[in-house]
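# Remarks on the overall topology
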Amino acid sequence: MNYVVVVTGPSSGFGALAARALALAGHTVYASMRETKGRNAAQVKELGRYAADHGVDLRSIELDVGSEKSCEAAIQEIVLKNGRLDVLVHNAGHMVFGPAEAFTPEQLTEQYDVNVWALRPLPASPIILRTQDPPLTARASPSTRQALTRDFPSKFSRPSLRLCRPTWM
Amino acid sequence: VPPDVDVSAVADAIVMVVDAPFGERPFRTHIDPTQDGAEVVNAVSDRVRAELMGRIGRSDVLVPKDLTGSPVEVSQPLQAAAG
């Protein structure tokens, strides 16, 4: 079965690998990221090259998970082109390491915004619920249970996400 | 993290979940080469949550539903998988 998939945070790490693996498995994959024409232009080019080299359906789309307007625009574009959106691989997040004292409250808030609130199931959810195949969401989710002090900013946001999205984590 | 771990294990697991037939997808999949204990704690947490849902009369949320809203047969119900 071919699914239309969105992978958030596909520029590096698990997201980059997941987007490529899903495309190789025959799915239509939208790798969503910010600044597709700016600092991530090279990523977009690289994804295009990968798609051409492997003959797979891997595309880039502009999407800032922290912006409702941006999310809606991207999801709308995907549904207009494909008539549906089946799978959301919500992988976006920031890794910041260091002891708690090394960060300002503003920096911690920014981290929390990206790693917790931005990972609500996007405005995509109602659309996924209306698609032919029943809904599915997936997410790579490290560190939801254990935290080491040196990992403080990233790791405290993971258990928080687990608590506020219990059906996800 | 052990040095011989293949980072693509997470991507492979995501593909496996996506490609699994509806009703047979696992509720939760762990790829944790560090074995930090999340798998053990989540098993307990999922079981307790499933029991709570049952007690408050919402065990309907423990199985996926098709587009008509009817629950489907699942090969690994949450309670059984967690227990």
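Heads up: these notes are all about the structure in this document.

This part takes up the environment of A:Leu63. Residues and elements named next belong to chain A. In this structure, Leu63 sits in the loop between β3 (58-62) and α3 (68-82). Given a relative accessible area of 3%, Leu63 falls into the buried group. The spacing of Leu63 and Ser12 is 51 residues in sequence and 16 Å in space, taken between C-alpha atoms. The residues contacting Leu63, other than those within four sequence positions of it, are Ser32, Met33, Arg34, Ser70, Cys71 and Ala74.

Quick look at the pairing of strand β1 (residues 4-8) of chain A now. Residues and elements named next belong to chain A. Summarising burial for β1: five of the five residues are buried, a large majority. What you see with β1 is no split at all: Val4, Val6 and Thr8 on one side and Val5 and Val7 on the other are buried throughout. Where β1 meets strand β2 (residues 28-33), five bridges bridge the pair, whose relative direction is parallel. Each residue of the ladder has a partner; that of Val4, found in β2, is Thr28. In this structure, β1 lies alongside strand β4 (residues 87-89), joined through three bridges in parallel fashion.

What follows deals with the pattern of salt bridges. Tallied over the entire structure, the rule returns nine salt bridges over all chains. Linking A:Glu46 and A:Arg49 is a salt bridge whose minimum nitrogen-to-oxygen distance equals 2.8 Å. Residue A:Glu46 and its partner A:Arg49 are both found in helix α2 (residues 41-54); the two are separated by three residues, about one turn of the helix. Residue classification places A:Arg49 among the partly exposed residues on the basis of a relative accessible area of 43%. Among the ionic pairs, A:Arg59 bridges to A:Asp57, the shortest N-O distance being 2.8 Å. One connected set of salt bridges, linked through shared partners, spans B:Arg28, B:Asp46 and B:Arg49.

Cut-offs used in this document
Residues numbered from 1 in each chain as written. Chains lettered and ligands numbered in written order. Predicted model: local features only at pLDDT ≥ 70, side-chain atom pairs only at ≥ 80, totals over all residues. Heavy atoms only, no water. Helix = DSSP H or I, 4+ residues; strand = E, 2+ residues; numbered from the N terminus. Buried < 20%, exposed > 50% of the residue type's maximum accessible area, 1.4 Å probe, protein only. Contact = heavy atoms within 4.5 Å. Pairing = 2+ DSSP bridges. Salt bridge = Lys/Arg side-chain N within 4 Å of Asp/Glu carboxyl O.

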